Structures are given as structure tokens and as C-alpha cells.
Amino acid sequence: MVAHLVRLKLALVANGMRRSVWQVIGFVVGALYGLGVVVLAVAGMVAVGTQDLDLQRTVTVLLGSALVVGWWFVPLFAFGVDATLDPQRFATFAIPRRTLVVGLAVAALVGLPGVLSAIAALSTSLAWFREPVAALVALVGAVLGLAVAVVGGRAIVALLAPLMARRRGREVLTVVSLVLIMSIGPTATSLGGGSVDGESFRRVTGVLAWTPFGAAWAAPADVVVGDWALAAARLAIAAVTLLVALRLWDGAIARTLVDPVRETTATSRAAGLGVLGRVPASPLGAVTARCLVYWFRDPRYALALAVVPFTPLVLWVVSRGGDGTLLLASGAIAAFMCGWGVSTDVSFDGSAFWMHVSAGVRGVADRLGRVVASAVVSVPLVLLIVVVTAFLVDRVETLPALLGGSAALLLTAYGGASIVSALFTQPVQQPGENPFQTRQGASLATVLSQAVGSLVVFVAAAPAAALAVVAVLRGSTALGWASLAAGLVLGTVWLVVGVRVGGRLLERRAPQLLQKVLSYE
């Protein structure tokens, strides 16, 4: 039966390539790229085998841990990637459940990701070619680690299937996953003592070696130093993890075969008009209210906003060991990110943009309404980041300058984004799709518009931003207040220009923009 499932997976892969010549081209390109990665991995492992024990242990544990993490969590970002052999499809067949589990696990390795993962895992044994016994243990650990990766990943997907069937659950899981991903770098740096060097990697490796991610890959190093008990303990951790994952996956499949998970959507309705009833009854108020609903309920907006608070964290990691001045730039960077986010508003509207076109909303009202809605969320966030970072580095006197530079970038970005979004649209994720996915089809004009528009915003805000930088570096309170005034005035001027110019462009180009966004769906 296991062989039948493997042949079925091969047939599905082959049939998928027959659908289009582009499928074949994509497969060939992927295979060539994967072949290059495999060659580098094998050659790298052989080269590592000539180095000292610490480097061998660090490289193999980090590579193996990355493999396990990828198999466990990447499918969650793709909302059920590689579902060609979904267990629900076998509900009507009399296949023993344990046989089905084993068959699905083996079949998961059929395809480019599985084959490349298997080769990469087995190649770690080459790092121990000078120690035959350790190489044998490494081979056993690689097989065990690969099994933990595949079975653990499938078990997690199966266990979270009821949550993934709900749109709100997918949205929450996406944001949480993003937070975890963004935390990897700072966490690893903290484990390494605050510096990124050989010693920090060894500390991270020491932690991973006692987790299900890296235990199987750490055993060969223990064998080399003659600590067989410790090597056995590492392999035991991996074996227990595999057994637990098998048990959880088996239970999830049993539930799926009896009560398949079905896609569900919320059917409750809020009483009244909600936020629409709390804004002035005007075109500007209607646009603002509708966009506010997006900012608070659309995961695509939430995802973009969730990245902003990590700006100080990233700069803190980069600037550790310095005087913390770099951390003060967090507010300005967050301000630009929040302001420039409006450049994708029309694209995110999708087919809903027809309401603006058919209602004949004035361009200025549309542009300003989107800015106001974003500002309701972004301004408090930027203010919080500016104030907190100033207190963290004990540079409270720089607050006026930091606020001036951030205000200049935020308001200028709003003005530039108001113009760019009236000229260009881009393929974006549709409502309900995975916010991590990237839609294909962006033109060169779209890419250039984003790059050139961002550059123009920085140039336009440069006078006030430069004054703020000088005020911070010199510690001048007078220059700080001057930069605050300059930032507010200059930013407001560019905001008014952007809203007016963008409004006129929108009124002329609204039908073309609607046609464009409809073509992306």
C-alpha cells in the first residue's frame, strides 16, 4: 500500500507538469537550482569534515535544525502546501490508518522539496568522513532527523487544520507566525551573548542540541569525544519526538477520516452601522470609515502593521555594543513604512474600488480619507516608538528632533503614496488569501514606481530630516524644536500637494485603475 501511495504521488506530480509548458519550465528551473544547492551542500559538508570538531558540530546542527524548522512551519505559511495527498481524500477507502500514515510520510518526500531535503539531510554524514563510527551515527541521526521533520510537519498541519479552516484563525496564525519569525534573529543573538561570532553560534548550537530540532544532528560530535551516553540521549530525544509526532498525526488523521474539516466562515452580523455610524455623513467620512474597517479587520493591513514594531528590535540588535544612537532612527523608519503603505490601498481594494468609481467620489476626498484612516492607527504607533526609544537610550532631550524627522517622513510619505497609488496598481493578495504569498505579474513600471516614489519621498523630506539628524548628533534642544517645526510644516505642504495632485490623477484614471485591479483577481 505504501508503494501505491508513492506511485500515486508520482503520477500526480507528472500530471501537474502536463497542464502547461510553464509547469515543465518551472520544474526544470527548480531542479537545476536545487541541483546547484545540493552540490554546494555536499561540497560544503566535505569541506567541513576537514575542520575542527566545534565547527563540524555547529554547521551540522544548524543545517539540520533549519531543515526541521522549515518542514514544521513553512506549510503553515502556505496554508496547507502540497495537499495532493490530503488524508480526507482517502476517507472512503479501506486503508489501515497506520499504513496510511506511513505511506503519506514516505510520499511527502516525493517531489523537489522532499528529494532535496533528503539529500541535504544525508549529506551531513559527510562532515564526519574522518571518523567512520561517527559517520555511521550521523547517517542514523540524519534519517531520524528527516523523519522528525516530515512527520512533525504533517502532524502540525493536521492538528491545526480545524483552526486553518476558519479565516480568522488563519489570520491570527499568520500574524503570530510573523512575530515568531521576526524574533528568531534577536533571540539567537541573545543566546549568543549579544554578538554574532563563532562563540554565539556555538551557544545557539548548544541550545538546539537539546531540542527536537537539533538533537539528532548533535549525536555524532558526542561520539567523536567518546561520550556515548550523551549521544544516545540526543538520539532518544529525536526518537521520542518522532513517536509523539506519529501518535499525534495518527489521531488527527483518525479524526479527519471520520469528521473531515470543512471551510467555515462567520455568519454573525454586527448591529448598526459600526464605524460608519460614527463618522461625518460625507464622502470623506465614508472613505475614512471604510478604510478604518480594513485597518482593523483585514489581515493584509495587520501584517504590514505588525512588522513596524519590530523596527526598534532589529536596530537594537544591530547597534548592541554602541551608544544606542542608531536605535533613535526607529521612529523615522516606522513613519516612512506607515506612510508609504497607503501606496497599495487601491490595489488592496480590488473589485471593491468600483464603489469609489460608481459613486463619483472626488479624488481629494478619496486620497484624504485613506490618509486619515491610516493616520488613526499609524500616528499613535509612531509616537510610541519615538518616545520609548528615546527613553531607552536615555536621550529624552532628542524627542523634539525625533518627532520632527518622523513627522516629515510620515506626512511626506502620505503625499507621495497618494500620487503613486493614483498612477499605478500592483498584484496583491486577495481577501482571504495567505498574506505571506507573493502574487505574480508585477510590471517593470510598478517596480520602478515603488522605488522612484520612495526615493522622491526621502529627497522631499530631506531638509527637515537632515536638521533632525544634526540636532540629535549635537544634542541641541534649539535645533530639535526647529526640526519639529520644519518637519510639521514641510510634511504638511507635501501632504497637501500629494493629496491634491493624487486626487486629480485619480479622477482622470479611476476607470483604468478599476480595470487593472479587476484583472488581478
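Residues numbered from 1 in each chain as written. Predicted model: local features only at pLDDT ≥ 70, side-chain atom pairs only at ≥ 80, totals over all residues. Heavy atoms only, no water.

Right, let's get into the overall build of the protein chain. Scanning the protein chain for helices and strands turns up 21 helices and 0 strands. Counting only residues that meet the buried cut, the protein chain has 44% of its 521 residues in that class. Taking as baseline every contact in the protein chain between residues at least 6 positions apart, the subset at least 24 positions apart corresponds to 79%. Total accessible area on the protein chain stands at roughly 25400 Å², and carbon and sulfur atoms take up 71% of it. (Helix = DSSP H or I, 4+ residues; strand = E, 2+ residues; numbered from the N terminus. Buried < 20%, exposed > 50% of the residue type's maximum accessible area, 1.4 Å probe, protein only. Contact = heavy atoms within 4.5 Å. Areas by Shrake-Rupley, 256 points an atom, 1.4 Å probe, with all protein chains shown as cover.)

The next point concerns the packing of helix α19 (residues 399–423) against helix α21 (residues 477–519). For the pair α19 and α21, the least separation of the axes is 6 Å and the interaxial angle reads 10 degrees. With respect to α21, the axis of α19 lies roughly parallel. Across the contact of α19 with α21, the residue classes tally to 20 nonpolar, 12 polar and 1 charged. (Axes fitted to C-alpha atoms, helices over the stretch in contact; angles between N-to-C directions. Parallel < 35°, antiparallel > 145°, perpendicular 65-115°, else oblique. Nonpolar A, V, L, I, M, F, W, Y, C, P; charged D, E, K, R; others polar.)

Inspection of the secondary structure assignment puts F73 in helix α3 (residues 53–77). Separated by 81 residues in the primary sequence, F73 and R154 have C-alpha atoms spaced 9.8 Å apart.

The next thing to look at is the packing of aromatic side chains. Going through the model one piece at a time under the given rule, you end up with 3 aromatic pairs. When the ring of F336 is compared with that of W340, the centres are 6.1 Å apart and the planes differ by 10 degrees; the resulting orientation is stacked. With F336 and W340 both in helix α15 (residues 330–340) and 4 residues apart, the pair spans about one turn of that helix. Exposure class is identical for F336 and W340. Each is buried. Members of the aromatic cluster, connected to one another through ring pairs, are F336, W340 and F458. Across the ring face of W210, the terminal group of R234 is positioned such that the distance to the ring centre comes to 4.3 Å. (Phe/Tyr/Trp six-rings, centres within 6.5 Å; stacked < 30°, edge-to-face > 60°. Lys NZ or Arg CZ within 6 Å of the ring centre and 35° of its normal.)

Moving on, we get to helix α18 (residues 363–392). Its 30 residues give α18 an end-to-end C-alpha distance of 42 Å, which sits within 8% of 44 Å, the value for a rise of 1.5 Å per residue. A maximum bend of about 40 degrees is found in α18 at A375. D394, located one to two residues past α18, shows a positive phi value of around 60 degrees. (Expected span 1.5 Å × (residues − 1). Bend = angle between axes of the 7 residues up to and from the residue.)

Attention now goes to the packing of helix α6 (residues 132–159) against helix α10 (residues 215–224). Two elements in contact, α6 and α10, have axes whose closest approach is 7 Å; the angle formed by their N-to-C orientations is 165 degrees. When the axis of α6 is compared with that of α10, the two are roughly antiparallel. Like other packed secondary-structure pairs, α6 and α10 cross with a definite hand, here right-handed. On α10, the residues that touch V133, A134, V137, A138, G141, A142, G145 and L146 of α6 are A216, W217, A219, P220, V223 and V224. Residue classes in the contact of α6 with α10 are distributed as 12 nonpolar, 2 polar and no charged. (Left-handed = near helix turned anticlockwise from the far one by under 90°.)

Bringing a nonpolar patch on the surface into the picture now. Judged by side-chain polarity, L284, F296, L368, V372 and V376 come together as a nonpolar surface patch covering roughly 410 Å² of accessible area. Counting only elements with at least two residues in the nonpolar patch, the list comes to α12 (283–297) and α18. Ranked by residues supplied to the nonpolar patch, first place goes to α18 with 3 residues. As for its placement among the helices and strands, L368 is situated in helix α18. (Patch = residues over 30% accessible without salt bridge, like charges linked within 9 Å, V, L, I, M, F, W, Y side chains within 5 Å. Salt bridge = Lys/Arg side-chain N within 4 Å of Asp/Glu carboxyl O.)

Checked against the element boundaries, Q450 lands in helix α20 (residues 444–474). Of the polar contacts made by the side chain of Q450, one reaches the side chain of W340; its length is 2.9 Å. Contacts of Q450, omitting those with residues within four sequence positions, involve W340, S343, V420 and Q426. (Polar contact = N/O pair within 3.5 Å; in protein donor to acceptor, adjacent residues only side chain to side chain.)

Three or four residues apart is the spacing at which side chains of an α-helix point the same way, because the helix has 3.6 residues per turn. In terms of burial, α10 is largely enclosed, as 9 of its 10 residues are buried. Those residues of α10 that sit buried are A215, A216, W217, A218, A219, P220, A221, D222 and V223. Once α10 finishes, G226 follows within two positions and takes phi at roughly 85 degrees, a positive value.

Now for unusual backbone geometry. Here D394, not a glycine, exhibits a phi torsion of approximately 60 degrees, which is positive. With respect to the element layout, D394 can be found in the loop between α18 and α19.

Opposite charge on two side chains permits them to pair, given that their charged atoms come into close proximity. Scanning the model with the defined rule gives 5 salt bridges in all. One salt bridge in this structure joins D366 and R367, with 2.7 Å as the shortest N-O distance. What you see here is one network of salt bridges that share partners, running through D345, D366, R367 and R370.

Turning our eyes to something else, we now look at the environment of Q512. Of note, Q512 is situated in helix α21. Taking the C-alpha atoms as reference points, Q512 and L423, 89 residues apart in sequence, are found 9.5 Å from one another.

The next thing to look at is a positive patch on the surface. Positive charge collects at one region of the surface, where R362, R500, R504 and R508 lie side by side. Mapped onto the elements, R504 comes out in helix α21. (Lys, Arg positive; Asp, Glu negative; His and termini not counted. Charge placed at Lys NZ, Arg CZ, Asp CG, Glu CD.)

The next point concerns the environment of V376. Within the element layout of this structure, V376 appears in helix α18. On a C-alpha basis, the gap between V376 and W295 in space is 9.4 Å, while along the polypeptide they are 81 residues apart.

Here the focus is the confidence of the model for the protein chain. For the protein chain, per-residue confidence averages 77 on the pLDDT scale, and 71% of positions sit at 70 or higher. Here helix α8 (residues 167–191) stands out as the least confident element of the protein chain, with mean pLDDT 58; α19 is the most confident, with 91. Predicted confidence for residues 191–196 stays below pLDDT 50, and this span has 13 contacts to residues more than four positions away or in other chains. Note on residues 265–273: pLDDT under 50 across the span, and 0 contacts to partners over four residues away in sequence or across chains. (pLDDT = per-residue confidence, 0-100.)

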